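Examining the three-dimensional arrangement
Given next are the chains, with one letter for each unit.
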Amino acid sequence: MNKLLKNAIWILIAVLGALAVGGIALNRGENINALWFITAALCVYAIAYRFYATWIAVTVLIVDDTRATPAERLDNGRDFVPTHRWIVFGHHFAAIAGPGPLVGPTLAAQFGFLPGTLWILFGAVLGGCVQDMVILFLSTRRNAKSLGQMARDELGLLGGTAALIGTFAIMIILIAVLGLVVVNAMKHSPWATFTVSATIPIAMIVGTYMRYFRPGQVLEASALGVILLLLSVAGGRFIDEHEFLRLVFDREGLTLAWWVMAYGFAAAIFPVWLLLAPRDYLSTYMKLGTITLLAVAIIMLQPDVKMPAITQFIDGTGPIFGGKLFPFVFITIACGAISGFHSLVASGTTPKLLSNERDIQMIGYGGMLLESFVAIMAMIAATVLDPGVFFAINSPAGVVGAEAAEAVAKISSWGYPVSVEQMKNLARQMGEATLFARTGGAPSLAVGMASIFGSAFGEGMLALWYHFAIMFEAIFILTTLDAGTRVGRFMLQDMLGNIWPKMGETSWTPSVVLTSALVVSGWGYFLYIGVIDPNGGVNILWPMFGIANQMLAAIALCVATGILIKSGKLKYAWVTGLPLMWLVTITSTAAWQKITSNDIRIGFFTAANDLTDKLAAGVLPPAKAAVAPQLIFNLHLDGWLTLFFVSLLWLIVFDMVRVCVRYLSGKPVLPLTESPHSPSRLVEDWVRD
């Protein structure tokens, strides 16, 4: 009877999910209720986790909950520390959930709500979640080795070296973008700066409390941390309104950039239990609490999505970014569906904390599902805005015009009416001077979130909700930066360890300090260049972010597919092989267009040549002419880096195919580097509660 009831419940969930997805996909002409998006997401996620993820864990990976993990066997109290699974989940989610699931879906709404929503749902359950879980499993079985080192050990010198170099170089670009976004979010925002800064000592208090005062008392430590975190949010408003303290925390971008670099260095060298794990764990409360509150507000209000299912901009003429629906909707959304950065966390800090293999499904697959849900929330928040307002906030002045009247006329001519008075009123309600041309996705997402929160919990607090959302986005991003820096340290130690084995010891202090300093210097340089760029640093780094991130995911799936085949699991290789083929296709197409396109809004080299010609002809305004040489250099740099990354990707793909063919034909290949089985001795009462 119980089995029959369970089957009936799952059938009901499947039918409800199919109806919700069908309603979203087939909707034409009429506004669709946002509640259908939440219903579709929850049903798809539930079915994928219960059946597909469980099948992969049990049948393909064969997880073993009696096997000791690296955190147990190599416990050193610094990097390898057996940690409660909910804290690991919190750290992992906080580390992987950066700007992608917030900003990407918001920008992709340029194409309409349908393409992005479908990719977020199905790209995650078939690609992103699979990558995260499989890489976490493979790294756990290999003493928590980094992705690049696993590639070198399993594929060989050629493909492995390419993977090591490629993943590390891409990592530097990704962290620089994360740093730039968080600096821009905190710049001249005392509230956000204070609250984000306060999370650091709060995390150290919680980490010390759990390690020395009340070991294993997760609920007590969580309650303490949440109370202090809420007080920091309230204190941020006090700081913002205090005449003297406001000046203390009101900082320029360059000052904040140095602070961010210092924080990244500290997070990389401090013991993981002291700062990184508790801070990310507490940040998860802020993230999950805000997203849950947003979902509750949407359920209460049941707002209609006002953006069309598909806009006319699928042809590549969109004002926010150039490029057609294929492949740029996939490149733009990135982290909301599949993210290569996740593979670095899943093979970096997380396997060093994992206490039991049984938790791999929850942390790897479940963590990515949660990030995908964040992306759905971001898509809803962006598309419930009037389309005219959405495009007015996100369209650059160079496309729609610098004057408000010119901008609204241009946007209204596209069929999305908006007025100057409407935008003035909205800016006044949000406590801002203007909302025109606030590009990058974060401001429009904050406006959408504030509008939903205000309608549900009090419209008189719109300015409060708006600045809360901005602060929320900053915290969301910074937790990815700190974990990314630590992962970058591990990657560099792995590479240097191939030359000098002592440098490969992740807890040897000279190696820790040197590699941390090198990693921070690498992404800090690009962050510095982005911050001082008077034309907007995002224009320098963001075009590289999506392509590099998806290429990194392809590298991760390439390594996973090769190991599965070498493990005698050829019949299951499609689990990672199919997402790999799709990613190689979209990343190669996007890279080719970015390198060769004659459209100055797409092609890096074309844009650089156009700017060079205009500079030589003397037709540029003085302000732009002053920075033109720097912009030209950066465009060329973007183009050559894209060519470098795609070349490395194909080299790794071909080397993986070569190794697999040799294995299947009975020729010698490098042996599997999986560590021997060792029985776990951890007490169950806190590990597997």
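Definitions and cut-offs
Residues numbered from 1 in each chain as written. Predicted model: local features only at pLDDT ≥ 70, side-chain atom pairs only at ≥ 80, totals over all residues. Heavy atoms only, no water. Helix = DSSP H or I, 4+ residues; strand = E, 2+ residues; numbered from the N terminus. Rg over C-alpha atoms; globule rule 2.2 N^0.38 Å. Contact = heavy atoms within 4.5 Å. Areas by Shrake-Rupley, 256 points an atom, 1.4 Å probe, with all protein chains shown as cover. Lys, Arg positive; Asp, Glu negative; His and termini not counted. Charge placed at Lys NZ, Arg CZ, Asp CG, Glu CD. Salt bridge = Lys/Arg side-chain N within 4 Å of Asp/Glu carboxyl O. Buried < 20%, exposed > 50% of the residue type's maximum accessible area, 1.4 Å probe, protein only. Polar contact = N/O pair within 3.5 Å; in protein donor to acceptor, adjacent residues only side chain to side chain. Axes fitted to C-alpha atoms, helices over the stretch in contact; angles between N-to-C directions. Parallel < 35°, antiparallel > 145°, perpendicular 65-115°, else oblique. Nonpolar A, V, L, I, M, F, W, Y, C, P; charged D, E, K, R; others polar. Patch = residues over 30% accessible without salt bridge, like charges linked within 9 Å, V, L, I, M, F, W, Y side chains within 5 Å. pLDDT = per-residue confidence, 0-100.

On to the overall build of the chain. Looking only at helices and strands, the chain has 28 helices and two strands in total. For 689 residues, the compact-globule formula gives about 26 Å, and the C-alpha radius of gyration of the chain, at 24 Å, lands near that figure. Contacts in the chain between residues far apart in sequence, at least 24 positions, make up 83% of those at least 6 positions apart. When the accessible surface of the chain is summed, it comes to about 25,500 Å², and 67% of that surface belongs to carbon and sulfur atoms. Charge centroids of the chain, computed over 43 positive and 41 negative side chains, lie 8 Å from each other.

For the bond running from Phe-326 to Pro-327, omega is 10°, close enough to zero to count as cis. Mapped onto the elements, Pro-327 comes out in helix 14 (residues 325–333). Positive phi is not limited to glycine here, since Ile-62 has a value of about 60°. In this structure, Ile-62 sits in the loop between helix 2 (35–61) and helix 3 (70–73).

This next bit is on the pattern of salt bridges. Per the stated rule, a full pass over the model turns up ten salt bridges. In this structure, Asp-359 and Arg-85 form a salt bridge, with 3.5 Å as the shortest nitrogen-oxygen distance. Within this pair, whereas Asp-359 is found in the loop between helix 15 (340–346) and helix 16 (360–383), its partner Arg-85 is found in helix 4 (residues 85–96), the two being separated by 274 residues in sequence. Here Asp-359 falls in the buried class, since its relative accessible area comes to 3%. Owing to a relative accessible area of 17%, Arg-85 belongs among the buried residues under this scheme. Residues participating in the shared-partner salt-bridge network are Arg-67, Arg-141, Glu-357 and Glu-674.

A few words on the environment of Lys-145. Inspection of the secondary structure assignment puts Lys-145 in the loop between helix 6 (113–140) and helix 7 (147–155). When its relative accessible area of 31% is taken as the criterion, Lys-145 is described as partly exposed. Along the primary structure Lys-145 and Lys-6 are separated by 139 residues, whereas in three dimensions their C-alpha atoms are 40 Å apart. Setting aside its immediate chain neighbours within four residues, Lys-145 contacts Ser-139, Met-150, Ser-347 and Asp-494.

Before going further, it helps to spend a moment on the side chain of Gln-110. For Gln-110, the position within the fold is in the loop between helix 5 (100–108) and helix 6. Look at Gln-110 and you get buried, because its relative accessible area is 0%. Of note is the side chain of Gln-110, whose polar atom sits 2.7 Å from the backbone nitrogen of Ile-320. Apart from the residues lying within four places of it in its own chain, the contact partners of Gln-110 are Thr-311, Phe-313, Gly-318, Pro-319, Ile-320, Phe-321, Phe-390 and Phe-391.

Relative orientation of the contacting elements helix 5 and helix 14 amounts to 150°, with a least axis distance of 7 Å. With respect to helix 14, the axis of helix 5 lies roughly antiparallel. Contacts between helix 5 and helix 14 involve Gly-100, Gly-104, Pro-105, Leu-107 and Ala-108 from the first element and Val-329, Thr-332 and Ile-333 from the second. Of the residues contributing to the contact of helix 5 with helix 14, the split by class is five nonpolar, three polar and no charged.

Further remarks concern a nonpolar patch on the surface. Taken together, the side chains of Ile-11, Val-15, Leu-16, Leu-19 and Trp-36 define a hydrophobic patch exposed on the protein surface, amounting to about 470 Å² of accessible area. Among the elements that line the nonpolar patch, the one with the most residues is helix 1 (residues 2–26), at four residues. Note that Ile-11 resides in helix 1. The exposed category is assigned to Ile-11, whose relative accessible area is 55%.

Take the environment of Val-418 next. Position of Val-418 relative to the elements: it lies in the loop between helix 19 (404–413) and helix 20 (420–429). Given a relative accessible area of 10%, Val-418 falls into the buried group. Apart from residues lying up to four places away in sequence, Val-418 is in contact with Gly-388, Val-389, Val-408, Ile-411, Ser-412 and Met-423.

On to the side chain of Asp-132. Take Asp-132: it is sitting in helix 6. Within polar-contact distance, the side chain of Asp-132 engages the side chain of His-342 at 2.9 Å. Excluding anything up to four places from it in sequence, Asp-132 contacts Ile-96, Ser-339, His-342, Ala-346, Gly-364 and Met-368.

Moving on, we come to the confidence of the model for the chain. On average, residues of the chain score 86 in pLDDT, and 94% of them are at 70 or above. Here residues 685–689 is a poorly scored stretch, pLDDT under 50, and it has 16 contacts once near neighbours within four places are set aside; other chains count.

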